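Listed below, chain by chain, are the residues.
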Amino acid sequence: MTDREPLSTEPYKGVRDFYPEDWAKMNYAFDIMRTVLRRRGFEEYAASPLERAELYESKTSEEIVNEQTYSFIDRGDRKVTIRPEMTPTLARMVAAKRRELVFPVRWFSIPNVFRYERPQRGRLREHYQLNADILGIADAKADGEIIVIVSDLLRAFGAQDADFSIRINSRTLLSAAAQALGLSVDEVTAYSALLDRKNKMSGADFETERSAFRRSGTDPLELIEAGTNAEVDAELKKLEALIEAFRSHGMTNVVFDPTIVRGFLYYTGIVFEVFDTDPGNNRSLFGGGRYDNLVALFGGEPIPAVGFGMGDVTLIDFLTTHNLLPANITGAPDLFIGTPSEADIAQAQGCAELMRSRDVNTLVNVSGKSLGDQIKEAVRRKIPYFIAYGAQEAESGMVTLKILNDSREESISLDSLAAFITKDK
Ligand code: HAM
């Protein structure tokens with residue numbers, strides 16, 4: 001053992017450690033997500049990240065995802081995949097209890113999901129993803145509800161409508177156009193995949209590949225734009241009506257974008273992606289869509305569904321770009337109770353219990369350090385409030401509260417300390 005290299009402290013490639021301050025930021029985001037979703041009647045669910053591999057092999061997800069899954073054979077010879085997304089798990093769970101559940105189901109979850117990707121800005125091998133889905137409503141009411149939630153969420157983080165745009169399209173519209181041109185099902189899939197890669201390739205390459213899908217000089221996108229086919233136009237009108245409904249509700253940042261298709265095969269209706277409007281971060285933040293046939297893979301009648309997945313990495317980039325992440329998220333306790341001497345520790349613990357019973361997160365010095373060093377420790381721990389508690393404070397019932405981040409002091413009664421801190425912090 002002696003001549004071995006020390007182990008690396010680095011995390012595995014493409015994943016993150018969350019030290020308490022990092023996790024406090026994540027919890028800040030999770031709290032906002034939970035508040036917004038619960039307020040709209042959504043209930044939280046969860047599941048194990050381990051799934052049978054067949055769940056993803058049965059054409060629920062596109063090849064990209066299959067190439068990106070972490071899969072292994074367990075000791076009982078079962079093929080296992082660590083979930084790359086939550087939607088197949090949700091569909092499985094709903095299918096399993098379809099007789100007991102009250103529809104429509106409105107559920108959300110914040111799972112960590114795993115994809116073997118090349119780590120880069122906005123892309124890691126493990127991320128947290130808020131999933132919000134409605135199952136059991138076939139018409140556009142649910143599409144509208146989901147889009148409103150997307151907007152509500154970003155507003156809850158402090159974003160203005162001008163900071164982001166919601167670009168929506170419809171797979172039905174694209175299929176109608178492809179069908180009108182006589183493209184086969186496989187060609188439609190290949191064409192969608194091309195559109196999905198559009199922003200990752202040069203304009204010239206896109207045009208070259210696109211030409212394979214032209215019939216009589218027109219490809220599906222061009223047919224949609226031309227507005228010359230009645231069926232295609234009818235689909236377009238539906239989408240425009242949805243967008244118009246948002247506009248009349250004061251949401252002006254929802255726009256039609258015929259190039260949005262999204263990578264998954266399971267989408268059947270609207271698809272959308274949310275974009276940052278800042279030129280420095282002009283990328284897709286997250287997206288979703290309607291998937292009416294996924295639940296039926298588990299047997300029984302299809303259950304219509306629509307929802308989205310919002311990743312934490314792109315969200316935090318967005319909040320940082322727009323200066324929307326509060327600077328003071330540390331996860332540190334609120335109050336540090338210092339002791340003039342070690343003999344005061346027992347009494348200070350009693351004082352701490354009183355503070356804790358009043359919702360103040362409190363830490364007590366247990367060392368023999370000088371009061372000066374205890375204050376320094378509180379500062380290094382980023383604890384905002386400090387009091388010393390010894391015989392004098394116990395007798396008088398008065399303490400000197402040090403507000404460490406702006407070097408203020410207040411003389412205050414012990415009885416009103418908790419209320420002061422709760423109000424001030
Ligand atoms: P997705 O577009 O693959 O959709 O992922 C949703 C979001 O998760 C992305 O827009 C992005 O914010 C984030 N994300 C995806 N991959 C990574 C990565 N490697 N690193 C960091 N963030 C990432 C889905 O997964 C669908 N299941 C969403 C859905 C729910 N559709 C309907 N319901």
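No experiment lies behind these values; they were computed from the predicted model shown.

Parameters at a glance
- Residues numbered from 1 in each chain as written.
- Predicted model: local features only at pLDDT ≥ 70, side-chain atom pairs only at ≥ 80, totals over all residues.
- Heavy atoms only, no water.
- Pairing = 2+ DSSP bridges.
- Helix = DSSP H or I, 4+ residues; strand = E, 2+ residues; numbered from the N terminus.
- Axes fitted to C-alpha atoms, helices over the stretch in contact; angles between N-to-C directions.
- Buried < 20%, exposed > 50% of the residue type's maximum accessible area, 1.4 Å probe, protein only.
- Arc of directions from axis to C-beta.
- Contact = heavy atoms within 4.5 Å.
- Near = heavy atom within 4 Å.
- Polar contact = N/O pair within 3.5 Å; in protein donor to acceptor, adjacent residues only side chain to side chain.
- Areas by Shrake-Rupley, 256 points an atom, 1.4 Å probe, with all protein chains shown as cover.
- Nonpolar A, V, L, I, M, F, W, Y, C, P; charged D, E, K, R; others polar.
- Domains from an automatic or database assignment.
- Core = buried A, V, L, I, M, F, W, Y, C linked by side-chain atoms within 4.5 Å.
- Salt bridge = Lys/Arg side-chain N within 4 Å of Asp/Glu carboxyl O.

So, about the sheet that holds strand β3 (residues 70–73). The 3 strands lie next to each other as β2-β4-β3, forming an open sheet whose pairing is antiparallel. Among the strands making up the open sheet, the edge pair consists of β2 (50–52) and β3. Across the sheet, the axes of successive neighbouring strands diverge by a mean angle of 35°, strand direction being ignored. With 3 bridges connecting them, β2 and strand β4 (residues 79–82) associate as antiparallel partners. Note on β4: the bridge partner recorded for L50 is I82.

The next subject is helix α15 (residues 414–424). Turning to α15, its buried residues number three or more, namely L414, L417, A418 and I421. For α15, the angular spread of buried residues about the axis comes to 90°, placing them on one side. α15 presents D415, A419 and K423 as exposed residues on the side facing more than 90 degrees away from its buried surface. The secondary structure elements touched by the buried residues of α15 are β13 (335–338), α12 (345–357), β15 (385–388), β16 (398–403) and β17 (408–413).

Around the ligand, the surrounding shell holds 26 residues, and the nearest of these are E85, T87, E117, Y267 and L285. Here an oxygen atom of the ligand and a side-chain polar atom of R115 are 2.9 Å apart. Contact between the ligand and L124: a nitrogen atom at 2.8 Å from a main-chain N or O atom of the residue. In the complex, the protein chains occlude 96% of the 660 Å² of accessible area that the ligand would expose alone. In terms of residue class, the shell around the ligand is made up of 9 nonpolar, 11 polar and 6 charged.

Before going further, it helps to examine the domain arrangement of the protein. Domains assigned within the protein are domain 1 (20–321) and domain 2 (335–422). Each of domain 1 and domain 2 was reduced to a C-alpha centroid, and the two centroids are 50 Å apart.

Let us look at the nonpolar core. Nonpolar side chains in soluble globular proteins tend to be buried together. Among the nonpolar cores identified, the biggest contains 65 residues, and M33, L153, F308 and M310 are the most heavily contacted of them. Those residues in contact with L153 that sit more than four places away from it in its chain are M33, V36, L37, L130, F308 and M310.

A word on the pattern of salt bridges. Counted according to the given criterion, the structure contains 35 salt bridges. Across the pair D233 and K237 runs a salt bridge whose closest N-O atoms are separated by 3.8 Å. In this pair, D233 and K237 are both assigned in helix α10 (residues 230–248), 4 residues apart and thus about one turn of the helix distant. Taking relative accessible area as the criterion, K237 reaches 53% and is therefore assigned exposed.

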